[in-house]
Amino acid sequence: MKKTLMMTGAAMLVFTLAGCASDYVISTKDGNMILTDGKPKLDKSTGLLSYTDEQGNERQINNDNVSQVMKR
């Protein structure tokens, strides 16, 4: 009984943590779709949208070139 309860608890923990790391899609005005790892952050002072791409590289794009940011 304890083993079943532990396995159920562990499975719930994994699903909860997996839900925290959401991926996003940035759609640009020229039609490109950029897949991100985590939520992009906008720096209002520079107008740049910072994100981490799927390979783990930190990147930035001018927010004027972005048409939409969608949760994947």
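Residues numbered from 1 in each chain as written. Predicted model: local features only at pLDDT ≥ 70, side-chain atom pairs only at ≥ 80, totals over all residues. Heavy atoms only, no water.

A.B. asks: Got a minute to help me understand the sheet that holds strand β2 (residues 33-37) in this structure?
C.D. replies: Strand pairing in a sheet is mediated by backbone hydrogen bonds. Such pairs are either parallel or antiparallel. Read from one edge of the open sheet, three strands run β2-β1-β6, paired in antiparallel fashion. Looking at which strands have only one partner, the edges of the open sheet turn out to be β2 and β6 (66-71). If you compare each strand with its neighbour and ignore which way they point, the axes differ by 20 degrees on average. As judged from the five bridges shared by strand β1 (residues 23-28) and β2, these two strands associate in the antiparallel manner. By the bridge assignment for β2, V25 is matched with L35. (Pairing = 2+ DSSP bridges. Helix = DSSP H or I, 4+ residues; strand = E, 2+ residues; numbered from the N terminus. Axes fitted to C-alpha atoms, helices over the stretch in contact; angles between N-to-C directions.)

A.B. asks: Can you walk me through the nonpolar core in this structure?
C.D. replies: Nonpolar side chains tend toward joint burial in soluble globular proteins. Ranked by size, the top nonpolar core spans six residues in total: I26, I34, L49, Y51, I61 and V66. Leaving out residues up to four positions away in the same chain, V66 has contacts with I26, S27, T28, K29, L49 and I61. (Core = buried A, V, L, I, M, F, W, Y, C linked by side-chain atoms within 4.5 Å. Buried < 20%, exposed > 50% of the residue type's maximum accessible area, 1.4 Å probe, protein only. Contact = heavy atoms within 4.5 Å.)

A.B. asks: How should the environment of R59 be read in this particular structure?
C.D. replies: Counting through the fold element by element, R59 comes out in strand β5 (residues 58-62). Overall, the relative accessible area of 41% leaves R59 in the partly exposed class. Considered as a pair, R59 and T36 are 23 residues apart in the sequence and their alpha carbons are 9.6 Å apart. Ignoring anything within four residues of it in the chain, the contact list for R59 reads L49, S50, Y51 and D53. Here the side chain of R59 touches D53 through a polar contact of 3.0 Å, side chain to side chain. (Polar contact = N/O pair within 3.5 Å; in protein donor to acceptor, adjacent residues only side chain to side chain.)

A.B. asks: I'm lost on the pairing of β2 in this one. Help?
C.D. replies: For a regular strand, side-chain orientation follows a simple rule: the groups alternate between the two sheet faces. Alternating residues of β2 divide into I34 and T36, all buried, and M33, L35 and D37, none buried. The hairpin formed by β1 and β2 contains four residues between the paired strands, and G31 there has a positive phi angle of roughly 95 degrees.

A.B. asks: Just to check I follow, could you spell out the side chain of T36 for this structure?
C.D. replies: Of note, T36 is situated in strand β2. Given a relative accessible area of 1%, T36 falls into the buried group. A polar contact is formed between the side chain of T36 and the backbone oxygen of G38, at a distance of 2.9 Å. In this structure T36 touches D23, Y24, I26, Y51, T52 and R72, once residues within four positions along its chain are discounted.

A.B. asks: Help me understand the pattern of salt bridges, please; the structure alone is not making it clear to me.
C.D. replies: Opposite charge on two side chains permits pairing when their charged atoms draw close. Counted under the stated rule, the structure contains three salt bridges. The shortest N-O distance in the salt bridge between D53 and R59 comes to 3.0 Å. Among the ionic pairs, R72 bridges to E54, the shortest N-O distance being 3.3 Å. Placement of the pair is R72 in the segment after β6 and E54 in the loop between β4 (48-52) and β5, with a sequence separation of 18 residues. E54 sits in the partly exposed class, given a relative accessible area of 46%. Via salt bridges that share partners, D23, E54 and R72 belong to a single interconnected network. (Salt bridge = Lys/Arg side-chain N within 4 Å of Asp/Glu carboxyl O.)

Spatial relationships are all this shows, so hold off on functional conclusions.
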